[in-house]
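Commentary on secondary and tertiary structure
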There are 2 protein chains.
Amino acid sequence: MKLICDGLDLSDAVLKVSKALSVKSTNPVLEGIKLIASGDFLTLIATDMELTIERKIKADVLMEGETVVVGKYFVEFVKKLEKEQVELCRLNEGNLQIRYSDSESEMQVFPTESFPVIEKNEDGEYLSLKQSEFKKIIDRVVFATSADDSRPILKGCLFEIIDGTLSVVALDGFRMSVVKKNIEASGNFNAVIPSRTLLEITRLLDKEDQNIKIILQSNSLYVQFENTALISRLIEGEFVKYNHILPTSFENKVIVNKQLLLNSIERASIVAKNDRYNIVKFDIKESVMTVSAKSEIGFVTENVNINLDGKDLTIAFNGKYLVDFFKVIDEDFVSINLNSHIDPCVLKPVSDEEFLYLVLPVRING
Amino acid sequence: MKLICDGLDLSDAVLKVSKALSVKSTNPVLEGIKLIASGDFLTLIATDMELTIERKIKADVLMEGETVVVGKYFVEFVKKLEKEQVELCRLNEGNLQIRYSDSESEMQVFPTESFPVIEKNEDGEYLSLKQSEFKKIIDRVVFATSADDSRPILKGCLFEIIDGTLSVVALDGFRMSVVKKNIEASGNFNAVIPSRTLLEITRLLDKEDQNIKIILQSNSLYVQFENTALISRLIEGEFVKYNHILPTSFENKVIVNKQLLLNSIERASIVAKNDRYNIVKFDIKESVMTVSAKSEIGFVTENVNINLDGKDLTIAFNGKYLVDFFKVIDEDFVSINLNSHIDPCVLKPVSDEEFLYLVLPVRING
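All of the points below concern the structure found in this document.

Basis of the calculations
- Residues numbered from 1 in each chain as written.
- Chains lettered and ligands numbered in written order.
- Predicted model: local features only at pLDDT ≥ 70, side-chain atom pairs only at ≥ 80, totals over all residues.
- Heavy atoms only, no water.
- Helix = DSSP H or I, 4+ residues; strand = E, 2+ residues; numbered from the N terminus.
- Buried < 20%, exposed > 50% of the residue type's maximum accessible area, 1.4 Å probe, protein only.
- Contact = heavy atoms within 4.5 Å.
- Areas by Shrake-Rupley, 256 points an atom, 1.4 Å probe, with all protein chains shown as cover.
- Lys, Arg positive; Asp, Glu negative; His and termini not counted.
- Charge placed at Lys NZ, Arg CZ, Asp CG, Glu CD.
- Least-squares fit on C-alpha atoms with pLDDT ≥ 70 in both.
- Pairing = 2+ DSSP bridges.
- Buried area = accessible area lost by both parts, 1.4 Å probe.
- Salt bridge = Lys/Arg side-chain N within 4 Å of Asp/Glu carboxyl O.
- Polar contact = N/O pair within 3.5 Å; in protein donor to acceptor, adjacent residues only side chain to side chain.
- Nonpolar A, V, L, I, M, F, W, Y, C, P; charged D, E, K, R; others polar.
- Phe/Tyr/Trp six-rings, centres within 6.5 Å; stacked < 30°, edge-to-face > 60°.
- Lys NZ or Arg CZ within 6 Å of the ring centre and 35° of its normal.
- Axes fitted to C-alpha atoms, helices over the stretch in contact; angles between N-to-C directions.
- Left-handed = near helix turned anticlockwise from the far one by under 90°.
- Disulfide = S-S within 2.5 Å.

1. Remarks on the overall build of chain A
Looking only at helices and strands, one finds seven helices and 27 strands in chain A. Each of the three principal axes of chain A carries a C-alpha extent, and together these read 80 × 50 × 35 Å. Taken over 366 residues, chain A has a buried fraction of 54%. Long-range pairs, those at least 24 residues apart, make up 66% of the contacts in chain A with a sequence separation of at least 6. Accessible area of chain A: about 17,200 Å², with a carbon and sulfur share of 46%. The centroid of the 43 positive side-chain charges in chain A is displaced by 5 Å from the centroid of its 56 negative side-chain charges.

Below, the structure written as structure tokens:
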């Protein structure tokens, strides 16, 4: 293998694929980046067997071939190269020689044949939507996934397509995010996509007004950008029947300014978070909601003006779950939809019918 | 105690004094901020017994008095207050009541009498220089102090004033920074100032072209800014006789472009730092210096053009120590002054006679 390429192209490609490098693997070759020189291109591939990222850059290939470099060192080294031509050459004894200006370096490599072969399957069901819309959906949903390994299905987001409507759902047992959106799709299907995969896809998006096309097979996902491809395993198993959790009607509806309520909850949380559950209490009475919290370090009591359609109610939540929701919406006003102090509560941005957030209350005494 | 003050003034003052809060102390009151309402001012004080920071803000004092709040929570809470009037009131049972808009909170306090009394002594020797000059000196010296508790004297910088020339010196047993500067001073004296104190002083500087006046007593330091005062203990003991370490003449002088050499050393360090000492080798030969490093992950060999006055030489250093020096200087060219491969090396910015940096070489085989 011998080729000449642009240092900046190489550095950009190495950084992009490095997101799929395995950090601590029992198989060291998964900490490597495979380089393939063929035709007019250098292709770089990294995989941890769950997520695979592949990127092609233009190269002047003098001799076709392939090798696997140690990802961590190659990333660091290439980042430090200035804007210059870089020559990569696999030496007879195996090492990779890197030449630039009138300098040269050599790096140890892994045996090429030990790098796994990742199947790239471009057939399957597909869904397609604007990159900017995809990013907005992921921002609003992925934070509600669980980090708990004991229920792997909750570490992903459900993508469910029914008659051209995409529903994306994440939940962790305490709260749930649901976004609905009309999109282009090949049919009715569903899949549970790991949250890490979704975040890596949003990081690769670079053309807001162009579409992203996600291809789904029974157990894997495939996305192709201009010179980058991403392949990911899906999470197997049945997702929670989220429609069963959603209340169908509400007795009380509160409209409130998001920023004012967020500020009050954040101040109350400083006192509350000394407590294990970060409990913030809400006393809803006519046109005022009193936000309060109490612990051994002191107490906070704040009044926030509201518009109430329904009857007075006292309810408590883990303040963190409300703050998480407020931080992902741009809208100025939210509606808080309630039944009783023990029933799930549903929050929505007032001017956006596509997003809803369910949170379970915390039982308190008195 | 009862007063009304501006929320932004309060938030700014609390953040400034909080740098002197004790993090883990056997005496919990040192995690508190003392508030004193008197005359037209609220004074805030925090101390960990080594460093004390005091700041005054304008206040409408309705009842004079004092209290000690829990620093961590008060900092967080005050940061979240919007731009509004804040009323602070010490209640009869002891707690501090905080009122703003139509909300109120209460925070637990420490017993006021348990907070230590810090003597403020404005007499003593003094030195005075432009804030911008002080900051530049500290940037160039403080990184070379030791973090090792076994020799406390090396955790500070020597300030030595002889006939209007200030020498500031820091060393850690492997390298040494020395800056000399003509300044205004009350006489000849010296002191060893903790590096943490010096960094906190630079963070409080806000008027680049005005002077800073540092007052030194036998075991403490006092600096007064507009509404802020800083008091610090000095480090006791005899500083290393730094003049004895400095070579008086050099057989070899290399002039080199800083950025080119820095880039080469950084790339070499990626390979070298796998090794415990981060050893980078320099082969100086006529007009070229070859920078190289080698470990089990590979090797780097780079050629950097130089101007050599002297004879060929091979020498090795811990790459990190050289990188630290290059990162604090703005100048484009540096001189590297050498005798043999086992003698200390002195680096200087070519166009700045006030700064020198000494670094010990590493012995290598062959």
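2. Points about the relation of the copies chain A and chain B
Screw-axis analysis of chain A against chain B gives a translation of 0.0 Å along the axis, an RMSD of 0.0 Å, and a rotation angle of 180°. Both chain copies can therefore be described as sitting about a two-fold axis. Both copies share a contact surface, since 100% of the interface residues of chain A are interface residues in chain B too.

3. What about the pairing of strand E2 (residues 32-38) of chain B?
All names here are of chain B. The buried fraction of E2 amounts to five of the seven residues, a majority that puts the element mostly inside the structure. Looking at chain direction, E2 and strand E6 (residues 65-70) are connected through six bridges and run antiparallel. Bridge assignment links Ala-37 to a residue of E6, and that residue is Gly-65. In this sheet, strand E3 (residues 41-47) lies alongside E2 in antiparallel orientation, the contact comprising five bridges. Across the sheet, Leu-35 pairs through a bridge with Leu-44, a residue of E3. A loop of two residues connects E2 with E3, the two strands running antiparallel in sequence, and Gly-39 in this loop sits at a positive phi of about 60°.

4. Points about the interface of chain A and chain B
Contacts between the two partners involve 29 residues from chain A and, on the opposite side, 29 residues from chain B. Overall, the association of chain A and chain B removes approximately 2,800 Å² of surface from exposure, summing both partners, and the carbon and sulfur fraction of that is 50%. Where chain A packs against chain B, one counts two salt bridges. Between Glu266(B) and Lys80(A) there is a salt bridge, with the nearest N and O atoms lying 3.2 Å from each other. Taken together, chain A and chain B are joined by 16 residue pairs in polar contact (both at pLDDT 80 or more). Those elements that provide at least two residues to the side of chain A that touches chain B are helix H2 (71-79), strand E9 (103-107), helix H6 (258-272) and strand E23 (298-309) of chain A. Per-element accounting of the side of chain A that touches chain B gives the leading share, six residues, to E23(A). Of the residues contributing to the side of chain A that touches chain B, the split by class is ten nonpolar, eight polar and eleven charged. As judged from the four bridges shared by E9(A) and strand E23 (residues 298-309) of chain B, these two strands associate in the antiparallel manner. For Met107(A), the partnering residue across the bridge sits in E23(B) and is Gly298(B).

5. Here we look at the packing of aromatic side chains
Throughout the structure, instances matching the rule amount to 14 aromatic pairs over all chains. Considering the side-chain rings of Phe143(B) and Tyr357(B), the 5.7 Å spacing of their centres and the 35° angle between planes classify their relative orientation as tilted. Here Tyr357(B) lies in strand E27 (residues 355-359) and Phe143(B) lies in the loop between helix H3 (131-141) and strand E12 (156-162), a separation of 214 residues in the sequence. For Tyr357(B), a relative accessible area of 0% gives the class buried. Connected via pairs of aromatic rings, a cluster forms that spans Phe143(A), Phe325(A), Phe326(A), Phe355(A) and Tyr357(A). The ring of Phe41(A) has Lys56(A) lying over it, and the distance from NZ or CZ to the ring centre is 5.1 Å. Here the basic side chain of Lys213(A) rests over the ring of Tyr126(A), its NZ or CZ set 4.7 Å away from the ring centre.

6. Here we look at the packing of helix H6 (residues 258-272) of chain B against helix H7 (residues 319-328) of chain B
Residues and elements named next belong to chain B. Direction vectors running N to C along H6 and H7 enclose 145°, while the axes themselves pass 10 Å from each other. Regarding H6 and H7, the two cross each other, and that crossing is left-handed. Across the interface between the two elements, Lys-258, Leu-261, Leu-262, Ile-265, Glu-266 and Ser-269 of H6 pack against Gly-319, Leu-322, Val-323, Phe-326 and Lys-327 of H7.

7. Side note on the state of the cysteines
Within this structure, the stated rule accounts for zero disulfides over all chains. Cys89(B) takes part in no disulfide bond, and the closest cysteine sulfur to it belongs to Cys5(B), at a distance of 13 Å.

8. A word on the pairing of strand E1 (residues 2-6) of chain A
Where a strand is regular, its side chains alternate between the two sheet faces. Residues and elements named next belong to chain A. Only one face of E1 is buried, namely the one carrying Leu-3 and Cys-5, since none of Lys-2, Ile-4 and Asp-6 on the opposite face is buried. Where E1 meets strand E7 (residues 85-90), five bridges bridge the pair, whose relative direction is antiparallel. Bridge pairing in E7 links Lys-2 to Cys-89. Where E1 meets strand E5 (residues 60-63), three bridges bridge the pair, whose relative direction is antiparallel. Across the sheet, Ile-4 pairs through a bridge with Asp-60, a residue of E5.

9. Observations concerning the environment of Pro344(A)
All names here are of chain A. Among the secondary structure elements, Pro-344 is positioned in the loop between strand E25 (333-338) and strand E26 (345-349). Residue classification places Pro-344 among the buried positions, given a relative accessible area of 17%. Contacts of Pro-344, omitting those with residues within four sequence positions, involve Ile-245, Pro-247, Phe-250, Asn-337, Leu-358, Val-359, Leu-360 and Pro-361.

10. Quick notes on the sheet that holds strand E2 (residues 32-38) of chain A
Residue and element names in this part refer to chain A. With antiparallel pairing, ten strands are arranged side by side in an open sheet as E10-E6-E2-E3-E4-E19-E18-E17-E11-E15. Looking along the sheet, the strands with just one partner apiece sit at the ends: strand E10 (109-110) and strand E15 (184-185). Relative to strand E19 (residues 228-233), strand E18 (residues 220-224) runs antiparallel, the two sharing five bridges. In the sheet register, Leu-221 faces E19, and the bridge partner there is Ser-232. Helix H1 (residues 7-17) rests against E2, strand E3 (41-47) and strand E4 (51-58) of the sheet, and its axis sits at about 170° to E4.

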